[in-house]
Every structure is written in structure tokens, then in C-alpha cells.
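These are the residues of each chain, in order.
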Protein chains: 2
Amino acid sequence: METTPGLRERKKAETRQAIHKATLRLAVERGLDHVTVEDIVEAANISRRTFSNYFGSKEDALLYGEEQRIRDMVRAVRERPAEESGWQALRGAVREMLRDVGEPDREWAVRTTLTRRHPSLLARQLANHAALERELVQAISDRDGQAEPGADLKARIMAAAFLVALRIATHIWIEEQEARPLSQIMEQALDEVARPFH
Amino acid sequence: METTPGLRERKKAETRQAIHKATLRLAVERGLDHVTVEDIVEAANISRRTFSNYFGSKEDALLYGEEQRIRDMVRAVRERPAEESGWQALRGAVREMLRDVGEPDREWAVRTTLTRRHPSLLARQLANHAALERELVQAISDRDGQAEPGADLKARIMAAAFLVALRIATHIWIEEQEARPLSQIMEQALDEVARPFH
DNA sequence: TGCCCAGTGGGCAACTTTGCCCTGTGGGCA
DNA sequence: TGCCCACAGGGCAAAGTTGCCCACTGGGCA
């Protein structure tokens, strides 16, 4: 299943990551508005033109991890065992991701906070979340089937509730200064939101 | 005088340096004969083909620093103030180089030792030294003028004596396990070899 | 002796990065 | 208001890197 992607692919991933990291670091240091693409490419040791080959804007570069995670999440849900229900698949996918990438670190919180403060980034993130929500609805529908009436509504509610739980858990985690592991808070939030389903 | 070489040039230099470093490290670890080009390119994170774009062989890659230093030395001699005599220019260039690059480190001694043990590398290094000697003769001639009879012989002797002094100083430095700074030993050796000129 | 095979060297096309250029945009400021 | 100027976006050709290929070499070994 694990296939080595070859040098060319690996280097592209490295470059993308380097640009993202540089953007994040500079944005944390002085705020995204006071960072030019010029600054980023200098920090990432690439040409300005190459930046454009990878990202359309510094916002893109900054949110790369975010959007990457969203794609991963959707993929993880879709790849859960077929016998799991939609809700089980969602919870399984979360658990899986937290296990695979380990506990999100301080940097992760920083990025989230930073994003939240910046209007244009916030807009982007809302759009991303909306997209994720749509994708999850689709994934759930594909899984639970749409035969019975109201299945669509149920999938929508489920996806929304799921994301709300994650969002709230993340907020709490940040507010608590990462005192408890995020995974624990998330499990708790998911339990809570799932209660009506019983 | 100092001109920033641009990203493209800088990256080429970085790659060349990375290949050289990787070669050196691996050669020190297990001997050059037990290092393949494959190993080197893996360590340097480049493709095998790129290796060939930079060096014709692993010996080339290993001796890169050596040959680089030779070019630097010749350049340094040529760029000494015009009013200096040939011998003054040689000494000035050495002092300058030791100052610019700082004291050569342990790695430098390692490379030298390693080179000395390996027949094909040794041959290469002898050829390099011969080339350096020729270049220095030329530089000295250009400086001191060739008007008077015997000027050519004098330049040849001077260059040879100079290199002998450096070579012996380096040997002593290694034998003493780098107890004294190389610069000090070199000054002493140069004083010694210069005595007949008084 | 003949065969195999790891390692090397380099041609070539596909792809990526760079450098240069020109256009467009949104403040500052005379 | 009009002019500048820093910055962003992206077309294009040149330069660099990769991946694939094949030819060659020098041991090992049946």
C-alpha cells in the first residue's frame, strides 16, 4: 500500500512544505499582512516565480496544512470499513487521524488562532469548512444509503453535528492552553453531540 | 566587489557542496571504495543523473574542496597588491586564506589523511599540486617580471619552495594532532624556507 | 572460458525552476 | 486629482533536474 513516490514527487512535496512553513513562521512573527511573497520566497530559498507555481497567494500557502487536513479527513472517512455506519466512520476517522499525526502541537494552535484573527483567512476557512461539510454529507450518504426517506436530512445533520463537535473541542483545547490532549476533548464532545441519536 | 550571485548560482553551489559533503562523510565512514555513487546521491538527496552533471566521478566529488582551494589560492596570489614581490604575495595570500576560512578544522585533516591513503586519490592530488605549482610560477613571473636573466628559474624555485613549506607544515600539523594552529606552523616553515633568500 | 551482475558514464526527453518581462491594482502623497 | 511605487500574477525562454535508457567495465562464479 505504501509506495515510495520517487525523488521528483518527494522534492515537490518538500518544496511545498518549505513554502508553507516559511509562510507560517513569518505570519506568526509579524502578521500575514506584513509579510510579502518576496519575504516568503527568500525564507524558503526559492524564486518568486516558483512560489506562483505552487500557490496562488500567501493565503493559499498559509492554509495549505488546513486544506490538506480536510482532504485527509474526507479520505479517511471514505476508507473506513464498509460495515461501519456513517457516525462510526466519522468517529473512527478522527481517532485514526489523531493517532497517525500524533497530538497536534502548539504550532497547530497558533495557526488556528492566527487564522481566526485574520478576516480574509477566516472567510477562507469558513468556505473550507463548508466544503468539508458537503464532502462529508456525500460520504455519509454513500455509506448509509439513501433508500429510506429523510436519509439526506439525516446525513446533513450528522455531518454538521460532527463538525460542530470538532470545532468546539478545538476551541476548548486552545482556551485551556492545551492542558488536556485534544483527542480527549474531542471524544467527549462527540459523545455529547451524539446523545440525541440514542 | 562582492556581488550576490543570484539564486540559480547559489543553488548550484549548494548542490555541489552537498554532494561533496556527502561523499566526504561516507568515505570517512567506510572508505571510498565501499561507497557507490548511488549511496552518495541518496545521502545528498539528488538523482544519480544530477551527480553526473556535477562530477565525473566520486573522486572528483571528494577532491572538490581540494581543487577549490587551489583555485582560491591562485586567485588570492594574483589579487595581492601590485607593489608586493612574488614572495610577499605568496605569504600574503596564505595569511589571507587562513584568515578568511578560519583555521582548517578536523574534517580538513581527515580529508587530507584519507586522500593520502588512497592510491588513485594520491595520484590526483599530486597532479593537482603540479598544476598549482605551474600556476604559481606563472603568477610570480607576471608579478616580478621576466626581464632579468634567470627570472624564470627563480620563479620556479620560489613556487616549489613555497609549496614544500606548506606541505611540510600540514604534515607536522596533522602529526601533532592539531595541537598548534596551522597558521603558526606555516609561518614558521615559510620563515625557514625563505632564509636562503636573504 | 563464458555468463552474470553491480556499478558507472552519458544521451535524451520530460519536467521543474529560474530570470526577465509586462500588466494590473491599491494605497500614499504632491 | 494624478503620479508613483511596492506588490502580485502570470507568460515565456533558458537553465537545471529527473527518469529512463543503453553501452561498457571489471570482478565473481558455474
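Model, not experiment: these values are computed from the prediction.

Rules and cut-offs
- Residues numbered from 1 in each chain as written.
- Chains lettered and ligands numbered in written order.
- Predicted model: local features only at pLDDT ≥ 70, side-chain atom pairs only at ≥ 80, totals over all residues.
- Heavy atoms only, no water.
- Axes fitted to C-alpha atoms, helices over the stretch in contact; angles between N-to-C directions.
- Helix = DSSP H or I, 4+ residues; strand = E, 2+ residues; numbered from the N terminus.
- Parallel < 35°, antiparallel > 145°, perpendicular 65-115°, else oblique.
- Contact = heavy atoms within 4.5 Å.
- Nonpolar A, V, L, I, M, F, W, Y, C, P; charged D, E, K, R; others polar.
- Near = heavy atom within 4 Å.
- Polar contact = N/O pair within 3.5 Å; in protein donor to acceptor, adjacent residues only side chain to side chain.
- Phe/Tyr/Trp six-rings, centres within 6.5 Å; stacked < 30°, edge-to-face > 60°.
- Buried < 20%, exposed > 50% of the residue type's maximum accessible area, 1.4 Å probe, protein only.
- Buried area = accessible area lost by both parts, 1.4 Å probe.
- Salt bridge = Lys/Arg side-chain N within 4 Å of Asp/Glu carboxyl O.

Colleague: For this particular structure, what's the right way to read the packing of helix α5 (residues 86-101) of chain A against helix α9 (residues 182-194) of chain A?
Modeller: Two quantities define a packed helix pair, namely the angle between the axes and the distance from one axis to the other. Residues and elements named next belong to chain A. Relative orientation of the contacting elements α5 and α9 amounts to 170°, with a least axis distance of 11 Å. The angle between α5 and α9 falls in the class roughly antiparallel. For the pair α5 and α9, contact is made by Trp 87, Arg 91, Val 94, Arg 95 and Leu 98 and by Leu 182, Ser 183, Met 186, Glu 187, Leu 190, Asp 191, Val 193 and Ala 194, respectively. Along the lines of polarity and charge, the residues of the contact of α5 with α9 split into 8 nonpolar, 1 polar and 4 charged.

Colleague: Looking at this model, I keep getting lost on the protein's contact with DNA strand C. Mind explaining?
Modeller: If you check the shell around DNA strand C, you find 21 residues, and the closest are Thr50(A), Arg8(B), Lys11(B), Arg48(B) and Arg49(B). At 2.8 Å, a side-chain N or O of Tyr54(A) approaches a phosphate oxygen of DNA strand C. Arg48(B) is positioned with one of its side-chain polar atoms (N or O) 2.7 Å from a base nitrogen of DNA strand C. For the surface near DNA strand C, the secondary structure elements donating two or more residues are α1 (6-30) and α3 (48-54) of chain A together with α1 (6-30), α2 (37-44) and α3 (48-54) of chain B. Tallied by class, residues from the surface near DNA strand C come to 4 nonpolar, 8 polar and 9 charged.

Colleague: What should I look at first to understand the protein's contact with DNA strand D in this one?
Modeller: Close to DNA strand D lie 21 residues, the nearest being Arg8(A), Arg48(A), Arg49(A), Lys12(B) and Thr50(B). Here, DNA strand D places atoms within 4 Å of the protein, and 55% of those atoms are sugar or phosphate. Here a phosphate oxygen of DNA strand D and a side-chain polar atom of Lys11(A) are 2.8 Å apart. Between DNA strand D and Arg49(A), the relevant distance is 2.6 Å, taken from a base oxygen to a side-chain nitrogen or oxygen of the residue. Elements with a minimum of two residues in the surface near DNA strand D: α1, α2 (37-44) and α3 of chain A together with α1 and α3 of chain B. Split by residue class, the surface near DNA strand D holds 4 nonpolar, 8 polar and 9 charged.

Colleague: Hey, could you run me through the packing of aromatic side chains in this one?
Modeller: Aromatic ring pairs are described here by two measures, namely the spacing of the ring centres and the angle between the planes. Scanning the model with the defined rule gives 6 aromatic pairs over all chains in all. Plain terms: the ring middles of Phe51(A) and Phe55(A) are 6.2 Å apart, the flat faces sit at 50° to each other, and that makes the pair tilted. Both residues of the pair, Phe51(A) and Phe55(A), belong to the buried class. Summarising the aromatic geometry, the rings of Trp87(B) and Phe162(B) are spaced 6.3 Å apart at their centres and angled 85° between planes, so their arrangement reads as edge-to-face. Note that Trp87(B) is positioned in helix α5 (residues 86-101) and Phe162(B) in helix α8 (residues 151-175), a separation of 75 residues in sequence. Here Trp87(B) matches Phe162(B) in class, with each residue buried.

Colleague: Can you walk me through the interface of chain A and chain B in this structure?
Modeller: It is common to give the size of an interface as the accessible area that goes away when the parts come together. With 7 residues of chain A in contact, the opposing surface of chain B contributes 7 residues. Counting each side, the surface lost to burial between chain A and chain B is near 500 Å², with a carbon and sulfur contribution of 41%. Of all residues in chain A, Leu7(A), Lys11(A) and Asn45(A) bury the most surface against chain B, accounting for 72% of the area lost on that side. Where chain A touches chain B, the interface holds 0 salt bridges. Applying the counting rule to chain A against chain B returns 6 residue pairs in polar contact (both at pLDDT 80 or more). Within the side of chain A that touches chain B, the residues separate by chemical class into 2 nonpolar, 2 polar and 3 charged.

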